[in-house]
Amino acid sequence: MPTIQNTVVIDAPPEAVYAIARDVERFPEFMPDVQRITIVEASEDGARQVVEWVGLIPMFKLTVRWTEEDHWDDEERTCRFRQVKGDFTEYGGLWRFDAEGAGTRFASEVSYELDIPTVGPLIKGVVRKIMSDNVDRLQAAIKRRVEGEAGGA
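Attention here is on the structure that accompanies the text. This one's a predicted model, so the numbers in the text were calculated from it and none came from an experiment.

## Quick word on the pairing of strand E3 (residues 48-57)
Thought 1: In terms of residue burial, E3 counts as a mostly covered element, since seven of its 10 residues are buried.
Thought 2: The pairing of strand E2 (residues 34-42) with E3 spans seven bridges and is antiparallel. Bridge pairing links Ala42 to Gln49 in E3.
Thought 3: What sits between E2 and E3 in their antiparallel hairpin is a turn of five residues, with Gly46 showing a positive phi close to 80°.
Thought 4: When E3 meets strand E4 (residues 62-73), the two strands line up antiparallel, connected through 10 bridges. When the sheet's bridge partners are listed, Leu56 is paired in E4 with Thr63.
Thought 5: The hairpin turn running from E3 into E4, its antiparallel successor, is four residues long, and Lys61 in that turn takes a positive phi close to 50°.

## Focus: the layout of surface pockets
Thought 1: Size it by volume and the largest pocket reaches roughly 460 Å³.
Thought 2: Looking at the largest pocket, it is lined by 26 residues, and the ones nearest its centre are Met31, Val34, Trp66, Asn134 and Leu138.
Thought 3: Contributions of two or more residues to the lining of the largest pocket are made by E3, E4, strand E6 (90-100), strand E7 (103-113) and helix H3 (124-152).
Thought 4: Examining the composition of the lining of the largest pocket, we find that seven residues originate from one element, H3, more than from any other.
Thought 5: For the lining of the largest pocket, a count of residues per class yields 19 nonpolar, three polar and four charged.

## With respect to empty space enclosed by the protein
Thought 1: Following the criterion strictly, the structure yields one cavity of 30 Å³ or more and no others.
Thought 2: Quantified by volume, the largest cavity comes out at close to 40 Å³.
Thought 3: Lining of the largest cavity is provided by Ile20, Asp23, Arg26, Phe30 and Arg145.
Thought 4: Counted by class, the lining of the largest cavity contains two nonpolar, no polar and three charged residues.

## With respect to unusual backbone geometry
Thought 1: Positive phi outside glycine occurs at Arg77, with the angle close to 55°.
Thought 2: With respect to the helices and strands, Arg77 occurs in the loop between E4 and strand E5 (78-86).

## Regarding the pattern of salt bridges
Thought 1: The full count for this structure, using the stated rule, is 11 salt bridges.
Thought 2: Put simply, Glu15 and Arg77 hold a salt bridge, and the shortest N to O gap is 3.4 Å. Of this pair, Glu15 sits in helix H1 (residues 14-22) while Arg77 sits in the loop between E4 and E5, and the two are 62 residues apart along the sequence.
Thought 3: With a shortest N-O distance of 2.6 Å, Asp74 and Arg22 are connected by a salt bridge. With Asp74 in the loop between E4 and E5 and Arg22 in helix H1, this pair connects stretches of sequence that are 52 residues apart.

## Brief notes about the environment of Arg22
Thought 1: Through-space distance from the C-alpha of Arg22 to that of Trp72 is 8.0 Å; in sequence the pair is 50 residues apart.
Thought 2: The contacts of Arg22, once residues within four sequence positions are left out, are Gly46, Ala47, Gln49, Trp72 and Asp74.

## Looking at the sheet that holds E4
Thought 1: With antiparallel pairing, the seven strands of this open sheet are ordered in space as E1-E7-E6-E5-E4-E3-E2. The sheet is open, and its two borders are formed by strand E1 (3-10) and E2, each paired with just one other strand. Across the sheet, the mean angle separating the axes of adjacent strands is 20° when strand polarity is ignored.
Thought 2: When E1 meets E7, the two strands line up antiparallel, connected through eight bridges. Of the residues in E7, the one forming a bridge with Ile4 is Val110.
Thought 3: Docked against the sheet, H1 engages E1, E3, E4, E5, E6 and E7, running at close to 155° with respect to E6.

Rules behind the numbers
- Here the residue index of a chain counts from 1 through its sequence in written order.
- Where totals are concerned, whole chains, interfaces and linings use all residues; where local detail is concerned, this predicted model gives features only for residues with pLDDT of at least 70, and gives and counts side-chain atom pairs only at 80 or more.
- The side-chain figures draw on all heavy atoms in the structure; neither hydrogens nor water molecules are used.
- Here's how the labels work: a residue is buried when its accessible area is under 20% of the maximum for its type, exposed when over 50%, partly exposed in between, all with a 1.4 Å probe on protein chains only.
- We count a stretch as a helix when DSSP gives it H or I for four or more residues in a row; a strand needs E for two or more, and each element gets its number in order from the N terminus.
- Should DSSP find at least two bridges between two strands, the strands are taken to pair.
- A cavity here means a set of 1 Å grid points, computed over protein atoms only, where a 1.4 Å probe fits but cannot escape. A pocket is an open set with protein on both sides within 12 Å along at least 5 of 7 lines, and lining residues have an atom within 4 Å of a point.
- Grid points are joined across faces, edges and corners, and a volume is the space filled by probe spheres set on the points.
- Three classes are used: nonpolar for Ala, Val, Leu, Ile, Met, Phe, Trp, Tyr, Cys and Pro, charged for Asp, Glu, Lys and Arg, and polar for all others, with Gly counted as polar.
- Counted as salt bridges are all cases of a side-chain nitrogen of Lys or Arg within 4 Å of a carboxyl oxygen of Asp or Glu.
- The contact criterion used throughout is that any non-hydrogen atoms of two residues lie within 4.5 Å.
- Geometry is summarised by axes, namely lines fitted to C-alpha atoms with helices restricted to the contacting stretch, and by angles between N-to-C directions that run from 0 to 180 degrees.

Here it is as structure tokens:
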């Protein structure tokens, strides 16, 4: 199963970055390829959430839907997630938010399998590039959001 690993350093404290990342329902406000995110279930303390995602893959004019279970660890500043149903054959990963100097190292690891029947196996490299670009865009969007809020404070 393909795995995408990426890291970005954000000029803001880990608590601020983690707070923005936890507010997943606001992602569509600053991530154009995300149409909708809805928390459909949450534990009383919010550590476990079931979240419905609707995203776009413009290159294929494809809407991708999945529901994932997220486990947030406020002490470790991590989120472990896995698809429980949806368009991916398999999908899961880990976000980690660690202090680095005065900022935050946001590390993302996503493993996925997405079969697009009309596209075929020859396009798996293109799908990997799209998934990698999506991880990059997500991290860049969170970075812009956090650094913009920190700069405006």
